[in-house]
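Examining the three-dimensional arrangement
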Amino acid sequence: MASSDALLPISAREEEPSCPYTKLPDGSRSDPETHPRRRRPYKGLLAVSFGLLLIAFYVALIATQDGSRSNEAANAIDETEKTTSSSRARLAGVSEKSNDGLWKLSGGRNTPAFEWNNSMLSWQRTAFHFQPEENWMNDPNGPLFYKGWYHFFYQYNPNAAVWGDIVWGHAVSRDLIHWVHLPLAMVADQWYDSNGVWTGSATILPDGSIVMLYTGSTDKAVQVQNLAYPEDLNDPLLLKWVKFPGNPVLVPPPGILPKDFRDPTTAWKTPEGKWRITIGSKINKTGISLVYDTTDFKTYEKLDTLLHGVPNTGMWECVDFYPVSKTARKGLDTSVNGPDVKHIVKASMDDTRFDHYAVGTYFESNGTWIPDDPTIDVGMSSSLRYDYGKFYASKTFYDQNKGRRILWSWIGESDSEAADVQKGWSSLQGIPRTVALDTKTGKNLVQSPVEEIKSLRLSSKKFDLELSPGSVVPVDVGTATQLDIEAEFEIKKESLDKFFGDASVVAEAEEFSCEKNGAGSTVRNALGPFGFSVLATESLSEQTPVYFYIAKGKDSKLKTFFCTDTSRSSVANDVIKPIYGSVVPVLKGEKLTMRILVDHSIVEAFGQGGRTCITSRVYPTTAIYGAAKLFLFNNALDATVTASFKVWQMNSAFIHPYSEEAVRALTRT
Amino acid sequence: MKLIVMVMTMMMISEGSMIDQTCKQTPDFKLCVSLLNSDPRGSSADTSGLALILIDKIKVLATKTLTEINGLYKKRPELKQALDQCSRRYKTILNADVPEAIEAISKGVPKFGEDGVMDAGVEASACEEGFQGKSPLTSLTKSMQNISSVTRAVVRMLL
């Protein structure tokens, strides 16, 4: 077995991640900015020992200057006067998990103490979203279609309901909805992945064989890329996988830190007939995507150029790169190129936990890409996101079975880890979505849950209602925890005319955002907000509104926002309850449409045919089981809204544990 | 000799400032510095190392709080329900949050470390809320919230 040392570049070789307190010599690049991580050069034994003596002296000096604090802190940590709401580096606004929101917990002295019981927790498990039987899951890995089966792999912790000990889980389906769990595909049994079998992607070769590239965290916690392939291509279930004996096939190149090199993509063909992949990384705070060419997936040449990079975006995880058709809403094989094609670069931003993408042009001659609109380049706060809610580490694959591109996404929890441990599981996958370029705008993608989800639809009810200003209307559909809702809204012409003519209606579109000032769906404005409230109690003590908010722009145009407000989704004080959403493009003549999938603790909302999507996790304590209801509301001050919609009860997907019987059952349908 | 002393002094001043530089970017400079200085590994650690020291402090504090909780069952039997909840939450900090954070930071995927560290603060707060204003653990709760907040800031420097 090759020694890990032999393959690593100098800077990596000298790092001892298992002994984190060892000094690191100055790395292989000069760093103009003062960086807390950089270490000074080694001086000499005499100098160092003398220096250490003086360091000890200096530390003693600081300690005594600090007075009694340091001693106290070490042994009996007392409360400090400092509040938690003081400013903090890089935290403000970047993460939904803000300290303020958590520690000024709702309630206090007068609300009853809240406790999770097993009934509330077991309700949270979904009926038709992919999730393992227990424990922690994160990134989707290597999705592919092969010999009649959709394969799905995922980051999995077999030992706990929190991240750790990561291996590859595996499941198969005929229709991306009804799944059977299979045995683990890959475990951490080699030195080059003993610290983690991390994210990777599949490439299907022209002869029909499959190669899988994935990141391994080595025994020295260096991130490397490894090759694996099915042991038996005649087994349509691809139960067993073989790791290439020559692994790793890629190690961090010079200039890239050993822990900034992960998540290789599906490969695409170059004009020379080679295969090309890209791997996300960073240099200082610039997020980048490295490019490698290969003919056999075993040896690679690194291109001098990057696919792309954007300053101040931090580490790019789970990079994805693929073509989209400009003229038709269909999927394209990853290698397709041509005049009717644009290319998407997507990355998951480690700093913010947002997935961003941009539409642009790929230059196959040198493997570079530029965005159509550099002001909304990948990772910038203003750039487009697949989803404005809880959604990360997404990955697409080309489904050659039905000629579409499918998007998988990791949907984490928004509750406390104690609850995850108590309920025994954590995380879901979003319903797979088709993704394509919005041929009407040409500037954004549109996503839609795969058609096959309609096979879960049971009974339905159709409604046509007129909502007067300020109305809240219960929608009687029976149980309301597993629903598919398709709705169309229209504001009455008289109300719109009045709105435009009314000078007292302030133009606020430029400053508005769904999460602004925490008022969410409770605000009342000229034209709304209006929409549905899902997982609501009869008294609306808990509810999750999904709605449109229409704001007037300075140029008198309307700007429409699509939002989900989880701030009142639960009275529990240990869950995160953000207000999510974004502007949604509405073209002339279009009615306002939304689609909502409700599945226990997950709500997936699609605005305007999937131009703006929002996934939310909610944890109601009373709006559960039979007590969960559906409402329609119109908060407008005096506009009337008509709503025309259909609500389906959704069946369970009956995702089964592994057995040959379960596999056979899927084959029969 | 004077020159060497001067050079060594300057060397050691910039040595001490690693902790200073790091702690300046956290919500509680004093707490951060005192925690890191109280650990012998602090003076020679890089950012990952400092984060791991702080996570260790979280572990120590959680253990201490659990001991306190166990003692309270006899002294304050009327608080049993809240104490049960707190016990569960502090056990989560020890058995889930801390190991997750240590593994994540050691392996260079600090965002999972951020999750674990932040959750420690969430669990402490949720436990506190369970007493509805009459908590015997307030001081320990605040310590956990503060250490969690400081540690999170340090972990975010690794992103």
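Residues numbered from 1 in each chain as written. Chains lettered and ligands numbered in written order. Predicted model: local features only at pLDDT ≥ 70, side-chain atom pairs only at ≥ 80, totals over all residues. Heavy atoms only, no water.

Filter applied, for reference: UniProt positions are given in the numbering used here, feature names are shortened, and annotations may be inferred rather than shown by experiment.
Taking an unreviewed UniProt entry as the reference, chain B is identified by name as Cell wall / vacuolar inhibitor of fructosidase 1-like belonging to Camelina sativa. According to the UniProt record, the Sequence similarities (unreviewed entry) comment for chain B reads "Belongs to the PMEI family."

Looking at an unreviewed UniProt entry, one finds chain A named beta-fructofuranosidase, with Camelina sativa as its source organism. Entered under Pathway (unreviewed entry) in the UniProt record, the comment concerning chain A runs "Glycan biosynthesis; sucrose metabolism." Here chain A is described in UniProt, under the heading Subcellular location (unreviewed entry), as follows: "Vacuole lumen".

**So, the overall build of chain A**
As a reminder of what qualifies: A run of H or I in DSSP counts as a helix once it spans at least four residues, and a run of E counts as a strand once it spans at least two, with each numbered from the N terminus. Exposure categories follow from relative accessible area, calculated using a 1.4 Å probe and restricted to protein chains: below 20% of the type maximum is buried, above 50% is exposed, and the middle band is partly exposed.
Looking only at helices and strands, one finds 9 helices and 36 strands in chain A. The proportion of buried residues among the 669 residues of chain A is 57%.

**Comments concerning the sheet that holds strand β1 (residues 135-146) of chain A**
All names here are of chain A. Under the convention used in this document: By definition, two strands form a pair when at least two bridges between them are found by DSSP. Any two residues having at least one pair of non-hydrogen atoms within 4.5 Å are treated as being in contact. Geometry is summarised by axes, namely lines fitted to C-alpha atoms with helices restricted to the contacting stretch, and by angles between N-to-C directions that run from 0 to 180 degrees.
The sheet built from 5 strands is open, its strands ordered β4-β3-β2-β1-β21 with mixed pairing. This sheet does not close on itself; its edge strands, each paired only once, are β4 (179-186) and β21 (425-426). Here 2 bridges tie β1 to β21, and the two strands are oriented parallel to one another. Each residue of the ladder has a partner; that of N135, found in β21, is W425. The strands that helix α9 (residues 660-668) touches are β2 (149-157), β3 (167-173) and β4; relative to β4, the one it contacts most, it runs at about 125°.

**Re the confidence of the model for chain B**
Stated precisely, the cut-off is as follows: Per-residue confidence from the prediction method is given by pLDDT, with values spanning 0 to 100.
Summary statistics for chain B give a mean pLDDT of 93 and a share of 93% for residues scoring 70 or more. Predicted complex, confidence summary: ipTM 0.90, pTM 0.86.

**Some remarks on the UniProt feature "domain: Glycosyl hydrolase family 32 N-terminal" (unreviewed entry) in chain A**
According to UniProt, the feature "domain: Glycosyl hydrolase family 32 N-terminal" (unreviewed entry) maps to residues 129-449 of chain A in the numbering used here. The straight-line gap between the two end C-alpha atoms of residues 129-449 of chain A is 11 Å; of that span, 2% is helix and 48% is strand.

**Some remarks on unusual backbone geometry**
Along the chain, N247(A) connects to P248(A) via a cis peptide bond; the corresponding omega equals 0°. For P248(A), the location among the structural elements is in the loop between β8 (241-243) and β9 (268-269). With an omega of 5°, the peptide bond running from G528(A) to P529(A) counts as cis. If you trace the backbone, P529(A) turns up in the loop between α8 (493-501) and β28 (530-536). For H600(A), which is not glycine, the phi dihedral falls at a positive 60°. In this structure, H600(A) sits in the loop between β32 (592-599) and β33 (602-607). Classification of H600(A) by relative accessible area gives buried; the value is 10%. Positive phi values are uncommon outside glycine, yet Q132(B) reaches one of about 50°. Assignment of secondary structure puts Q132(B) in the loop between α5 (110-129) and α6 (138-156).

**Quick notes on the packing of α5(B) against α6(B)**
Residues and elements named next belong to chain B. The cut-off we apply is this: For classification, angles of less than 35 degrees are called roughly parallel, those exceeding 145 degrees roughly antiparallel, those between 65 and 115 degrees roughly perpendicular, and all remaining angles oblique. Throughout, a crossing is termed right-handed when the near helix is turned clockwise from the far one, and left-handed when it is turned anticlockwise from it by less than a right angle. Gly is put with the polar residues, along with every residue not named as nonpolar or charged; the nonpolar set is Ala, Val, Leu, Ile, Met, Phe, Trp, Tyr, Cys and Pro, and the charged set is Asp, Glu, Lys and Arg.
With their axes 9 Å apart at the nearest point, α5 and α6 run at an angle of 165° to one another. One way to sum up the angle between α5 and α6 is to call them roughly antiparallel. Here the hand of the crossing between α5 and α6 comes out left-handed. Residue-level contacts link P110, G113, E114, V117, M118, A120, G121, A124, S125 and E128 of α5 to T138, T141, M144, Q145, S148, T151, R152, V155 and R156 of α6. A breakdown of the residues in the contact of α5 with α6 according to their chemical character gives 7 nonpolar, 8 polar and 4 charged.

**Describing the pairing of strand β23 (residues 433-437) of chain A**
Residue and element names in this part refer to chain A. A large share of β23 lies buried, amounting to 4 of its 5 residues. Relative to β23, strand β20 (residues 404-411) runs antiparallel, the two sharing 2 bridges. Bridge assignment links I406 to a residue of β23, and that residue is T434. Of the pairings in the sheet, the one linking β23 to strand β24 (residues 445-449) comprises 5 bridges and is antiparallel in character. Bridge pairing links R433 to P449 in β24.

**Regarding the sheet that holds β32(A)**
Residue and element names in this part refer to chain A. One open sheet holds the 6 strands; their spatial order is β25-β36-β27-β32-β33-β34, and the pairing between them is antiparallel. Both outer strands of the open sheet, β25 (457-467) and β34 (612-617), are each paired with one neighbouring strand and no more. Ignoring which end each strand starts from, the neighbouring axes of this sheet average 15° apart. Taken together, the 9 bridges between strand β27 (residues 482-491) and strand β36 (residues 641-650) define a ladder with antiparallel strand orientation. Within the sheet, the bridge partner assigned to E486 lies in β36 and is K646.

**Looking at the side chain of D387(A)**
Residue and element names in this part refer to chain A. As a reminder of what qualifies: Within 3.5 Å is the distance limit for a polar contact, defined as a pair of N or O atoms, with the added protein rule that one can donate a hydrogen and the other accept it, and that residues adjacent in sequence qualify only through two side-chain atoms.
Of note, D387 is situated in the loop between β18 (384-385) and β19 (392-399). Of the residues examined, D387 reaches a relative accessible area of 1% and is grouped as buried. A distance of 2.8 Å separates a polar side-chain atom of D387 from the backbone nitrogen of G389. Those residues within four positions of D387 in sequence are excluded, and the remaining contacts are R433, C613, I614 and T615.

**Things to note about the pattern of salt bridges**
Residue and element names in this part refer to chain B. Inclusion rule: For salt bridges, the criterion is a side-chain nitrogen of Lys or Arg within 4 Å of an Asp or Glu carboxyl oxygen.
In this structure the tally under the stated criterion is 45 salt bridges over all chains. Of the charged contacts, one joins R152 and E114 as a salt bridge, the two residues approaching to 2.7 Å between their closest N and O atoms. Taken together, the positions of R152 in helix α6 and E114 in helix α5 put the pair 38 residues apart, joining distant regions of the chain. Overall, the relative accessible area of 1% leaves R152 in the buried class. Overall, E114 belongs to the buried group, its relative accessible area being 3%.

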